[in-house]
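Descriptive analysis of the structure
If you want the building blocks of each chain, they are given just below.
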Amino acid sequence: MASSSSCSTFLTFSSQATLHSLHHRNTILTKTQFPVPTKSSESNFFGLRLSPSTSLSPLYSPCSFKSSISAKVNKGQTAPDFTLKDQNGKPVSLKKYKGKPVVLYFYPADETPGCTKQACAFRDSYEKFKKAGAEVIGISGDDSASHKAFASKYKLPYTLLSDEGNKVRKDWGVPGDLFGALPGRQTYVLDKNGVVQLIYNNQFQPEKHIDETLKFLKAA
């Protein structure tokens, strides 16, 4: 009888421990899941507008991760030319700027907190870039109308180009963030011959892009 009682006690304890373990694991998984917004919102970190229909499934795709880290334009290479519309709807080619340094920054989207900070930081330091002889160009997937409103609202003195469909972003191999699920934030500095001399990536500190590019231009 003692043996039977001990066995029953052990089974009860074992079952409780298993249930406790499963509950604990479920609690951890629940806490680490990405929150699903109930209405459109903006991310301070990634500069991406999120809506209830936004899918985060690429986060778990090995293919997305691989494509997010493969660079197509590297330091020391001549930057490939492209033509995109600016905030006024006029076509602008990169080759137009040959003969002077160019600071070309890819950002996620207009009117998001991180991107607005970055855009205004470039604006506030624009005279320093001009003194260094450099042109500043911003690129995102927003259309020209969005760029025009964004530039007007924050009095941005430089060119914003519309890369609808993100073709240039893909051609340049700009890495995304969070395994490619979100558009990346990357800055290129080209010399007067159009050769890439600096590539700077920092998704979480938008204003650091200005500090690093100015530091490089002053040392060049």
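Residues numbered from 1 in each chain as written. Predicted model: local features only at pLDDT ≥ 70, side-chain atom pairs only at ≥ 80, totals over all residues. Heavy atoms only, no water.

With respect to the overall build of the protein
In terms of helices and strands, the protein carries seven helices and nine strands. Burial status across the protein gives 39% buried among its 220 residues. Considering only contacts within the protein whose residues lie at least 6 apart along the sequence, 66% involve residues at least 24 apart. Accessible surface, the protein: about 12900 Å² in total, of which carbon and sulfur atoms supply 57%. (Helix = DSSP H or I, 4+ residues; strand = E, 2+ residues; numbered from the N terminus. Buried < 20%, exposed > 50% of the residue type's maximum accessible area, 1.4 Å probe, protein only. Contact = heavy atoms within 4.5 Å. Areas by Shrake-Rupley, 256 points an atom, 1.4 Å probe, with all protein chains shown as cover.)

A word on the sheet that holds strand E6 (residues 135–140)
Two orientations exist for strands paired in a sheet by backbone hydrogen bonds: parallel and antiparallel. Read from one edge to the other, the open sheet built from seven strands follows the order E4-E3-E7-E6-E5-E8-E9, with strand pairing classed as mixed. Of all strands in the sheet, those with a lone pairing partner are strand E4 (91–93) and strand E9 (196–201), marking the two edges. Going across the sheet, the axis of each strand differs from the next one's by a mean of 30°, ignoring polarity. Looking at chain direction, strand E8 (residues 186–190) and E9 are connected through five bridges and run antiparallel. When the bridges of E9 are listed, Gln 186 appears paired with Asn 201. Where helix H5 (residues 144–154) meets the sheet, it contacts strand E3 (83–86), E6 and strand E7 (159–162), and its direction lies at approximately 155° from that of E7. (Pairing = 2+ DSSP bridges. Axes fitted to C-alpha atoms, helices over the stretch in contact; angles between N-to-C directions.)

Looking at unusual backbone geometry
Even without being a glycine, Glu 111 presents a positive backbone phi close to 60°. Turning to its location among the elements, Glu 111 is positioned in the loop between strand E5 (102–106) and helix H3 (113–124).

Some points on the pattern of salt bridges
For the coordinates displayed, the defined rule picks out six salt bridges. A salt bridge links Lys 167 to Asp 171, with the nearest nitrogen and oxygen atoms 2.8 Å apart. A residue pair is termed a helical-turn pair when its members lie 3 or 4 positions apart in one helix, as Lys 167 and Asp 171 do in helix H6 (residues 167–172) at four residues. Given a relative accessible area of 39%, Asp 171 falls into the partly exposed group. (Salt bridge = Lys/Arg side-chain N within 4 Å of Asp/Glu carboxyl O.)

Structural notes on H3
Here H3 contains twelve residues, and its C-alpha end-to-end distance of 16 Å stays within 8% of the 16 Å for a straight helix at 1.5 Å per residue. Here H3 has its buried residues at Gly 114, Cys 115, Thr 116, Gln 118, Ala 119, Cys 120, Ala 121 and Phe 122. For H3, the secondary structure elements touched by its buried residues are E5, helix H4 (126–131), E6, H5, E8 and helix H7 (208–219). (Expected span 1.5 Å × (residues − 1).)

Focus on the packing of H3 against H7
The geometry of H3 relative to H7 is characterised by a closest axis approach of 8 Å and an angle of 35° between their N-to-C directions. Along the contact surface, H3 presents Gln 118, Ala 121 and Phe 122, while H7 presents His 209, Ile 210 and Thr 213. Looking at the contact of H3 with H7 residue by residue, the class counts come to three nonpolar, three polar and no charged. (Nonpolar A, V, L, I, M, F, W, Y, C, P; charged D, E, K, R; others polar.)

So, the side chain of Ser 93
By secondary structure assignment, the location of Ser 93 is in strand E4. Side-chain polar atoms of Ser 93 contact the side chain of Thr 83, separated by 2.6 Å. Contact partners of Ser 93, with chain neighbours within four places excluded, come to Asp 81, Phe 82 and Thr 83. (Polar contact = N/O pair within 3.5 Å; in protein donor to acceptor, adjacent residues only side chain to side chain.)

Overview of H5
Within the span of H5, buried status applies to Ser 144, His 147, Phe 150, Ala 151 and Tyr 154. Down the axis of H5, the smallest arc covering the buried residues is 125°, so these residues share one side. Projecting away from the buried face of H5 at angles above 90 degrees are the exposed residues Ala 145, Ser 152 and Lys 153. In this structure, the buried side of H5 is in contact with E3, H3, E6 and E7. You can read the cap of H5 off the contacts: a side-chain oxygen lies 3.3 Å from the backbone nitrogen of Ala 145, and it is on Asp 143. (Arc of directions from axis to C-beta.)

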